[in-house]
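A closer look at the structure
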Amino acid sequence: MLDRCGGASSALTPKAGSVRELRDRVLKVDKILTRTYGRKEVGRRRTNPLDTLILTILSQNTNDANRDRAYRSLRMAYPRWEDVMGSDRRCVARAIRVGGLANIKSKRIIDALKFINGERGELSLEFLKRMTSVEADGWLSQMKGVGPKTRAIVMLFSLGMPAFPVDTHVHRVTKRIGLIGRRTSRDRAQQELGDLVPEREFYNLHINLIEHGRAICTARKPRCLICPIRLQCDYYCEVLLKGQT
C-alpha cells in the first residue's frame, strides 16, 4: 500500500476507506507523533475528578493560560467547593472572569456542584471509580453543561477509564489528516476516533495531537512542509501537493 501521497491511497477518505485502513493510519500517525513529541503516560497520581470537572468547565472557549488563571482565582476566592456552591452566581462570575464566558460558566459550575451534592450528599466524584466507563459517562451526562468532551477528560485524566476527548486541536488535526470527515462534529468525532484508536493509546495520542496542533498544524497557517506526518495527511497530499501541480 502506497503512502497517502503516492497514488491510489491518496484518494481514500473516511467514507471511501475501510475501517482497517483508517486504523492502520491511526497507528502510523501515533507512532510518528510519539517519536516526535515523546511518549505520554498517565501518572500514578491522578487528579481529583471533581477538580478536573471544574477545571474543564473553565476551559471551554478559552486557552489553557486563561483557564488556569480563572481556576486559581476561583480557589483563592473559594477554598472549598462547598463555598462555591453556596455563593451568589455573580460573585463566582467575578472570580472567574479572566477565563471568559463567566456568567455561563459560573452557572454551570454551581449547577454541577448542586447536582452532585443533591445526588450524593457530598461534593465528591470518587464514587465514579467504582463504576464501569459506560456507567460513569452516563452519570456525568446528567449534569447540564457537561458535554462529551468534559466527561471524557474527567474519565481519562482522573478516573483511569478509556475515553478519547476531542478538543479544538484534536478535531482540527484529525480532520485535516482525514481520520474523520470534513463535516464531522466534535461529538461525533469523539465517538469515531474512540472506535479507531486503540484504548492503550488514548492518552498518548490525545496529548500528542494537541501538541502537534499547537506547534505545527495550527488553525490559520499549518506548517505542512515540516510536518512529520504530512505523508499520512489528506490536507497535505490532496490540497497542497495538488495545488503545486
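Look up: the structure comes first, before these words.
Okay, so let's go over this structure. Computed from a predicted structure; not experimentally measured. (Residues numbered from 1 in each chain as written. Predicted model: local features only at pLDDT ≥ 70, side-chain atom pairs only at ≥ 80, totals over all residues. Heavy atoms only, no water.)

1. A few points about the pattern of salt bridges
Side-chain pairs of opposite charge can arise whenever the charged atoms involved come near each other. Stated precisely, the cut-off is as follows: Any Lys or Arg side-chain nitrogen located within 4 Å of an Asp or Glu carboxyl oxygen qualifies as a salt bridge. Numbering of helices and strands runs from the N terminus; a helix is a DSSP stretch of H or I covering at least four residues, while a strand is a stretch of E covering at least two. When a residue's accessible area, from a 1.4 Å probe over protein chains only, is under 20% of the maximum for its type it is buried; when over 50% it is exposed; and in between it is partly exposed.
Inspection of every chain in the model, using the stated rule, returns 17 salt bridges. The shortest N-O distance in the salt bridge between Arg75 and Asp51 comes to 3.7 Å. Note that Arg75 is positioned in helix α3 (residues 64-77) and Asp51 in helix α2 (residues 49-59), a separation of 24 residues in sequence. Assessed through its relative accessible area of 24%, Arg75 is described here as partly exposed. Note that Lys107 and Asp111 form a salt bridge whose closest N and O atoms lie 2.7 Å from each other. Taken as a pair, Lys107 and Asp111 lie in helix α6 (residues 102-120) at a separation of 4 residues, close to a single helical turn. Asp111 gets classed as partly exposed once you look at its relative accessible area, which sits at 30%. It is possible to trace a salt-bridge network through shared partners that takes in Arg39, Glu41, Arg200 and Glu201.

2. Brief notes about the side chain of Ser106
As a reminder of what qualifies: Residue contacts follow a heavy-atom distance rule, with two residues in contact if any of their heavy atoms lie within 4.5 Å.
Looking at where Ser106 falls in the secondary structure, it is placed in helix α6. When sequence neighbours within four positions are dropped, the list of residues in contact with Ser106 reads Arg89, Val92, Ala93 and Ile96.

3. Things to note about the side chain of Arg151
Just so we agree on the cut-off: Counting of polar contacts relies on pairs of N or O atoms within 3.5 Å, with two restrictions inside protein: one atom must be capable of donating a hydrogen and the other of accepting it, and residues adjacent in sequence are counted only when both atoms are side-chain atoms.
Within the secondary structure, Arg151 is located in helix α8 (residues 148-159). Within polar-contact distance, the side chain of Arg151 engages the backbone oxygen of Val146 at 3.2 Å. Apart from the residues within four sequence positions on either side, Arg151 is in contact with Asp137, Leu140, Ser141 and Val146.

4. Focus on the layout of surface pockets
Stated formally: Cavities and pockets were defined on a 1 Å grid built over protein atoms only: a cavity is a set of grid points that admits a 1.4 Å probe from which the probe cannot escape, a pocket is an open set flanked by protein on both sides within 12 Å along at least five of seven lines, and lining residues are those with an atom within 4 Å of any such point. Grid points are joined across faces, edges and corners, and a volume is the space filled by probe spheres set on the points. Throughout, the ten residues Ala, Val, Leu, Ile, Met, Phe, Trp, Tyr, Cys and Pro are labelled nonpolar, Asp, Glu, Lys and Arg are labelled charged, and all others, Gly among them, are labelled polar.
Approximately 950 Å³ is the volume found for the largest pocket. Along the walls of the largest pocket sit 36 residues, with Ser59, Arg67, Lys149, Ile153 and Asp167 positioned nearest its centre. Only α2, α3, α8, α9 (168-177), α10 (186-196) and α11 (202-215) provide two or more residues apiece to the lining of the largest pocket. Residue classes in the lining of the largest pocket are distributed as 11 nonpolar, 15 polar and 10 charged.

5. Quick look at the state of the cysteines
Here, disulfide denotes a covalent bond that connects the sulfur atoms of two cysteines. Cut-off, in case you're wondering: Here, the term disulfide refers to a pair of cysteine sulfur atoms separated by no more than 2.5 Å.
Scanning the model with the defined rule gives 0 disulfides in all. Not engaged in a disulfide, the cysteine Cys227 finds its nearest cysteine sulfur in Cys233; these two sulfurs lie 6.3 Å apart. For Cys227, a relative accessible area of 9% puts it in the buried group.

6. Considering the packing of α2 against α3
Definition in use: Where helices are involved, their axes are fitted lines through C-alpha atoms of the stretch in contact, as for all axes, and angles between N-to-C directions lie from 0 to 180°. An angle counts as roughly parallel when it lies under 35 degrees, as roughly antiparallel when it exceeds 145, as roughly perpendicular when it falls between 65 and 115, and as oblique in every other case. For any helix crossing, the convention is left-handed if the near helix is rotated counterclockwise from the far helix by under a right angle, and right-handed if that rotation is clockwise.
Running from N to C, α2 and α3 cross one another at 130°; their axes reach a closest spacing of 9 Å. By the angle class used here, α2 and α3 are oblique. Crossing of α2 against α3: the hand is right-handed. Contacts between α2 and α3 involve Asp51, Ile54, Leu55, Leu58 and Ser59 from the first element and Arg67, Asp68, Ala70, Tyr71, Leu74 and Arg75 from the second. Of the residues belonging to the contact of α2 with α3, the class tally is 6 nonpolar, 1 polar and 4 charged.

7. Notes on unusual backbone geometry
In this structure, Asn61 takes a positive phi of about 60° despite not being glycine. Mapped onto the elements of the fold, Asn61 is located in the loop between α2 and α3. In this structure Asn61 comes out as exposed when scored by relative accessible area, which is 72%. The backbone phi angle of Leu101 is positive, close to 50°, even though this residue is not glycine.

Purely geometric numbers; function is a separate question.
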